[in-house]
There are 2 protein chains.
Amino acid sequence: MIQRAPAVTSCCPPPRDQADLRPVEGDEAEVELASLAKALSHPARVRIVRILLRKDACVCGDLVDELPLAQSTVSQHLKVLKGAGLIRGEVDGPRVCYCIEPHALRRLRALVGALS
Amino acid sequence: MIQRAPAVTSCCPPPRDQADLRPVEGDEAEVELASLAKALSHPARVRIVRILLRKDACVCGDLVDELPLAQSTVSQHLKVLKGAGLIRGEVDGPRVCYCIEPHALRRLRALVGALS
DNA sequence: CCATCTAATCGTCAAATTACGATGATTCAG
DNA sequence: CTGAATCATCGTAATTTGACGATTAGATGG
């Protein structure tokens, strides 16, 4: 059992809501959807997103405890999610605090929703 | 310019609407979302889905004409989409007629929508 | 039957993905 | 300053992906 300092509440305040005016169709939208889908194309990454959503606040290495993967592997998955813009990481002392990027999820919903 | 016989209208009649009772959370849902996302994790496959949606009816080798890819590559992408359950292919004489599997798209929307 | 057309499959290659342990960088406690 | 803790990065190996040309399998038309 590893002890850790209590989680900081909301080290990643949700950014201001803002409408996304980019189109949901066309070549760019297709590449964008493919990119977001690729980030979610691995069960571990879907799980990370779910954990971050559930905990609402941001966790850091707790993710490693929740996943049956090595720390370096989790770090790689986090990098992929961050690269796609789905999460954000904020340095908080020796830890890094990850949280969902809400507008990226909204964008994903919009793009998937446009597949009608 | 390649001439082809006129497209058959609706060789893939949409199946009966039916509510999907499977949960949108939990391990299975995560694997399912990852699987669907993986199918859409390539721009060519997103494009194929969009084309099939736009044409509403099902096209076959016309997809090859619309994509800057070799026939065998398109066939592979179609196989991936079919494997994920997103499209269906029906043999129509010497051709194969592909169309969207609407309930799979609904399922995808539900799973993505559950990422709240 | 035979030639043709369509689409799937095979074989191949380069590149990307996924996983891990080891190593580095950074921060904090003492 | 030192050591411990946390996390990123590196190096590596196994697997998968994506692309293509060539070939195979079926169906149609003559």
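Residues numbered from 1 in each chain as written. Chains lettered and ligands numbered in written order. Predicted model: local features only at pLDDT ≥ 70, side-chain atom pairs only at ≥ 80, totals over all residues. Heavy atoms only, no water.

Caption draft 1: Layout of helix H4 (residues 71-83) of chain A. Residue and element names in this part refer to chain A. For H4, with 13 residues, the first-to-last C-alpha span of 18 Å sits near the 18 Å given by 1.5 Å per residue. Looking only at H4, the buried set comprises Val74, His77, Leu78 and Leu81. Considered in projection along H4, the buried side chains sweep an arc of 100 degrees and stay on one side of the axis. Across H4 from its buried face, at more than 90 degrees, point the exposed residues Gln76, Lys79 and Gly83. Residues of H4 that are buried sit in contact with helix H1 (27-39), helix H2 (43-55), helix H3 (62-66), strand S1 (87-92) and strand S2 (95-100). Backbone geometry just downstream of H4 places Gly85 in the positive-phi region, at approximately 85 degrees. (Helix = DSSP H or I, 4+ residues; strand = E, 2+ residues; numbered from the N terminus. Expected span 1.5 Å × (residues − 1). Buried < 20%, exposed > 50% of the residue type's maximum accessible area, 1.4 Å probe, protein only. Arc of directions from axis to C-beta. Contact = heavy atoms within 4.5 Å.)

Caption draft 2: Examining the pairing of strand S2 (residues 95-100) of chain B more closely. Residue and element names in this part refer to chain B. Alignment of strand S1 (residues 87-92) against S2, held across six bridges, turns out to be antiparallel. Following the sheet pairing, Gly89 is matched in S2 by Tyr98. Adjacent in sequence and paired antiparallel, S1 and S2 are bridged by two residues, among which Gly93 carries a positive phi angle near 70 degrees. (Pairing = 2+ DSSP bridges.)

Caption draft 3: Looking closely at the relation of the copies chain A and chain B. Each copy superposes on the other: chain A lies on chain B with an RMSD of 0.0 Å after a rotation of 180 degrees and an axial shift of 0.0 Å. Both chain copies can therefore be described as sitting about a two-fold axis. Every residue of chain A has its C-alpha some distance from the rotation axis, and the shortest such distance is that of A:Ala37, at 2.3 Å. A shared binding surface is used by both copies, with 100% of the interface residues of chain A retained as interface residues in chain B. (Least-squares fit on C-alpha atoms with pLDDT ≥ 70 in both.)

Caption draft 4: Inspection of the environment of B:Ala114 at higher detail. In this fold, B:Ala114 is placed in the segment after helix H5 (102-113). Sequence-wise, B:Ala114 and B:Val24 are 90 residues apart; in three dimensions their C-alpha atoms are separated by 6.3 Å. The contact partners of B:Ala114, leaving out residues within four places of it in the chain, are A:Arg50 and B:Val24.

Caption draft 5: Summary view of the protein's contact with DNA strand D. In the neighbourhood of DNA strand D, 22 residues make up the surrounding shell, with A:Cys60, A:Gln71, A:Ser75, A:Tyr98 and B:His77 lying closest. When atoms of DNA strand D within 4 Å of the protein are split into backbone and base, the sugar-phosphate part holds 64%. A distance of 3.0 Å is found between a phosphate oxygen of DNA strand D and a backbone nitrogen or oxygen belonging to A:Gly61. B:His42 places a side-chain nitrogen or oxygen 3.2 Å from a phosphate oxygen of DNA strand D. Counting only elements with at least two residues in the surface near DNA strand D, the list comes to H4 and S2 of chain A together with helix H4 (71-83) of chain B. Classifying every residue of the surface near DNA strand D by side-chain character gives seven nonpolar, ten polar and five charged. (Near = heavy atom within 4 Å. Polar contact = N/O pair within 3.5 Å; in protein donor to acceptor, adjacent residues only side chain to side chain. Nonpolar A, V, L, I, M, F, W, Y, C, P; charged D, E, K, R; others polar.)

Caption draft 6: Structural view of the pattern of salt bridges. Tallied over the entire structure, the rule returns 23 salt bridges over all chains. Close ionic contact of A:Arg22 with A:Asp20 constitutes a salt bridge, the shortest N to O distance being 2.9 Å. Among the residues examined, A:Arg22 registers a relative accessible area of 45% and is labelled partly exposed. Take A:Asp20: its relative accessible area is 34%, and that puts it in the partly exposed class. A salt bridge links B:Arg47 to A:Asp27, with the shortest nitrogen-to-oxygen separation between them at 3.0 Å. Of this pair, B:Arg47 sits in helix H2 (residues 43-55) while A:Asp27 is found in helix H1, placing the two residues in two different chains. Overall, A:Asp27 belongs to the exposed group, its relative accessible area being 54%. Here the salt bridges do not stand alone but share partners, grouping A:Asp20, A:Arg22, A:Glu32 and A:Arg107 into one network. (Salt bridge = Lys/Arg side-chain N within 4 Å of Asp/Glu carboxyl O.)

Caption draft 7: Layout of the confidence of the model for chain A. Residues and elements named next belong to chain A. The predicted model of chain A averages 89 in pLDDT, with 90% of residues at 70 or higher. Within chain A, S1 has the poorest average pLDDT of any element, 94, and H4 the best, 98. Note on residues 1-8: pLDDT under 50 across the span, and seven contacts to partners over four residues away in sequence or across chains. (pLDDT = per-residue confidence, 0-100.)

Caption draft 8: Structural detail: the protein's contact with DNA strand C. The local shell around DNA strand C holds 22 residues, among which A:His77, B:Cys60, B:Gln71, B:Ser75 and B:Tyr98 are the closest. When atoms of DNA strand C within 4 Å of the protein are split into backbone and base, the sugar-phosphate part holds 67%. Between A:Lys38 and DNA strand C, the recorded distance is 3.1 Å, taken from a side-chain N or O atom to a phosphate oxygen. For DNA strand C, a base nitrogen lies 3.3 Å from a polar atom in the side chain of A:Gln76.

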